[in-house]
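Chain by chain, the residues:
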Amino acid sequence: MTQSLIELHGISLAYGPLVVLDAVNWVITRGARIGLIGENGAGKTTLARILLGQIEPDSGLRRPTPGLTLGHLPQAPEFSGPMPGQALTVRSYLANAAGDLDRLRGELAELEEDLAQPSRTAEQRADLLARYGAAQALFAARGGYDGEHRLDEVRIGLGLAQVAPDRAPHTLSGGEQTRLVLAGLLLRAPDLLVLDEPTNHLDQTALDWLAAHLSRYGGAVVLISHNRRFLNRTVNAIAELSAVSRDLTLYLGNYDAYRVARSRADADRQAAFEQQQAEMKELHQLIKHKQHSAGSGRGSKDVDKFAKGFFRGRNEVRQGHEIRKAKRRLQDLTDHALERPTRRWQINPTLVQPDVISQDVIQFEGVHKAYGPRTVLAGASGLVHGGERVVLLGPNGSGKTTLIRILLGMEAADAGRVRLASGVRVGFLDQLLATLELTQTVLEAFSQGLIGTEPELRARLHRYGLFADDEAHQPVGTLSLGQRRKLQIARLVATEPTLLVLDEPTNHLDLASVEQFETALCGFQGTVLAITHDATFAEHVATRLWRLKDGQLEPGAL
């Protein structure tokens, strides 16, 4: 029988009138690989924090197995500076990450010394041997005997080999910090790993390595991710958290299997709803017709008056019985009425089509850029035609974002020429959500630079299906990262660009929104230049692929 690691029973949580989770039940067993998905704002991160014991629900029971070890990768890891007298470095962080190996190593040494004492009785020696065996098994399970090999494997696999080991973690970039925390978790190998968007800062090589590593991981994994190909390679179940019912539904299989099962379930729910509505309509019509016709029959003048009264009475009794039966059935359907199948979050990014499509929208030649001794771009040249959707691929640190910033005039090249077509209107989606001011309200952030009255701008915001009316005055800083990305997309659409420049556009978006955004981009007649590590996005959107390698562009392939 598969061992249960942790169980959630009847978990409910609300913030004031806002219900986040409603009677959620979840059992996670050893060896489970579960993709936790749901629309932005559905409460995935909240549920993960309850699972980890970081916050308490309003009601319900969290039941971990005794001694359960947990590991958590948040969406945005933070490192504080070193404490006085300490010097936390990348090297020391990773060395200490593997489950107190130094403490275990010291405990083993002390037990060995105790076992070497000749004064120990047989009973004491047996106890020491039992303790030594347990400590040794834990030390081996944590990778103590092959620590250097595992450390090198994880560092190289996650693309940290180029990070100086004596650097302080808080001086690293956001992506490097995420990979460092992930490396520490994999070295520590807890019983349950909860990874919140681990793929956001991983290139394809690192994604391949992580997928392979998780496939042979000895514990359980809960994975919050928007990367469909990664989910297909890593999970054996999908847990969907509904933003409507606020509960959890488990589907066996990978993401593709979930989509088939979910589509079938949606079709069944829609058919059941429509069937119930049709029956209720028929019953209403039947009752109305019976009430109108009851007792209204007319007989021939030659028919005996007694017979006429007798048959009219019997007809009224029968009609009355049928009316009562129809009303009972209608009441039963009303008491058990099915809700219309719907989703709270939708994205409707209808992009305005440009009047004229330029032949050559972006041209650049011989672009060079170096940071000190490190050359990032070494004569990169390229041409983007009007109406193309070019996706730029490449490993982390290869210079993709630098190239885009140079093309948009946000950063100067050391050498080379760049030209954008005259009259082009650029819509830019940055990777780190830095274009949003956290102290502004949603409506203020959306309206910046747009013309219109407040009611008009609010109506435009709601038209995209991204925010409800009461959320328009919510501070941007209180939004989830996925909601901030949706706000950026709403602004992007509202500015009516002719050229879309997208840096990791799928980061933080829920899967339904990613797929709808892909559909909108494929219907856009303007020009798109996008950076992504999401192979499925590239496959669905790109009309041409570029790969940045050794500072130069070459034709790419997935």
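Structure: above.
Residues numbered from 1 in each chain as written. Predicted model: local features only at pLDDT ≥ 70, side-chain atom pairs only at ≥ 80, totals over all residues. Heavy atoms only, no water.

(A) View of helix α13 (residues 454–463). What α13 keeps buried is the set Leu 457, Arg 460 and Leu 461. Down the axis of α13, the buried set is contained in an arc of 100°. They therefore lie on one face. Across from the buried face of α13, at angles greater than 90 degrees, the exposed residues are Pro 455 and Arg 463. Residues of α13 that are buried in the fold lie against α12 (442–447) and α14 (481–494). (Buried < 20%, exposed > 50% of the residue type's maximum accessible area, 1.4 Å probe, protein only. Helix = DSSP H or I, 4+ residues; strand = E, 2+ residues; numbered from the N terminus. Arc of directions from axis to C-beta. Contact = heavy atoms within 4.5 Å.)

(B) Representation of the nonpolar core. Of all hydrophobic cores here, the largest spans 37 residues; its most connected members are Leu 158, Leu 182, Leu 186, Leu 193, Leu 195, Leu 210 and Leu 214. Broken down by secondary-structure element, the contributors of at least two residues to this core are α2 (90–97), α5 (147–157), α6 (174–188), β6 (192–196), α7 (204–215), β7 (220–224), α8 (228–234) and α9 (255–293). Of the residues forming this core, the biggest block, 7 residues, is contributed by α6. Once you skip the residues sitting within four places of it in the chain, Leu 186 turns out to touch Arg 150, Leu 158, Leu 193, Trp 209, Leu 210, His 213 and Leu 214. Ranked by size, the runner-up nonpolar core spans 29 residues in total, among them Val 20, Ile 224, Ala 239 and Leu 241. (Core = buried A, V, L, I, M, F, W, Y, C linked by side-chain atoms within 4.5 Å.)

(C) Spatial organisation of the pattern of salt bridges. Taken as a whole and judged by the stated rule, the model has 23 salt bridges. Between Arg 228 and Asp 534 there is a salt bridge whose closest N-O contact spans 3.6 Å. Of this pair, Arg 228 sits in helix α8 while Asp 534 sits in the loop between β16 (527–531) and α16 (535–541); the two residues are 306 residues apart in sequence, bridging distant segments of the chain. Asp 332 is paired through a salt bridge with Arg 329; the nearest N and O atoms lie 3.4 Å apart. Pair noted here: Asp 332 and Arg 329 are both in helix α10 (residues 305–335), with a separation of 3 residues, about one helical turn. The class for Arg 329 is partly exposed, based on a relative accessible area of 34%. One connected set of salt bridges, linked through shared partners, spans Glu 240, Arg 262, Asp 266 and Arg 269. (Salt bridge = Lys/Arg side-chain N within 4 Å of Asp/Glu carboxyl O.)

(D) Highlighting α7. The terminal C-alpha atoms of α7, which comprises 12 residues, lie 16 Å apart, in line with the 16 Å expected from a rise of 1.5 Å per residue. For α7, every residue scored as buried is listed here: Ala 206, Leu 207, Trp 209, Leu 210, Ala 211, His 213 and Leu 214. (Expected span 1.5 Å × (residues − 1).)

(E) Here's a closer look at the packing of aromatic side chains. Counting across every chain of the model gives 3 aromatic pairs. For the pair Tyr 255 and Tyr 258, a centre-to-centre distance of 5.6 Å together with 35° between the ring planes defines the contact as tilted. Here Tyr 255 and its partner Tyr 258 are both found in helix α9, 3 residues apart, which amounts to about one turn of the helix. Just as Tyr 255 is buried, Tyr 258 falls in that class too. Members of the aromatic cluster, each reached through a chain of ring pairs, are Tyr 251, Tyr 255 and Tyr 258. (Phe/Tyr/Trp six-rings, centres within 6.5 Å; stacked < 30°, edge-to-face > 60°.)

Keep in mind these numbers describe shape, not what the thing actually does.
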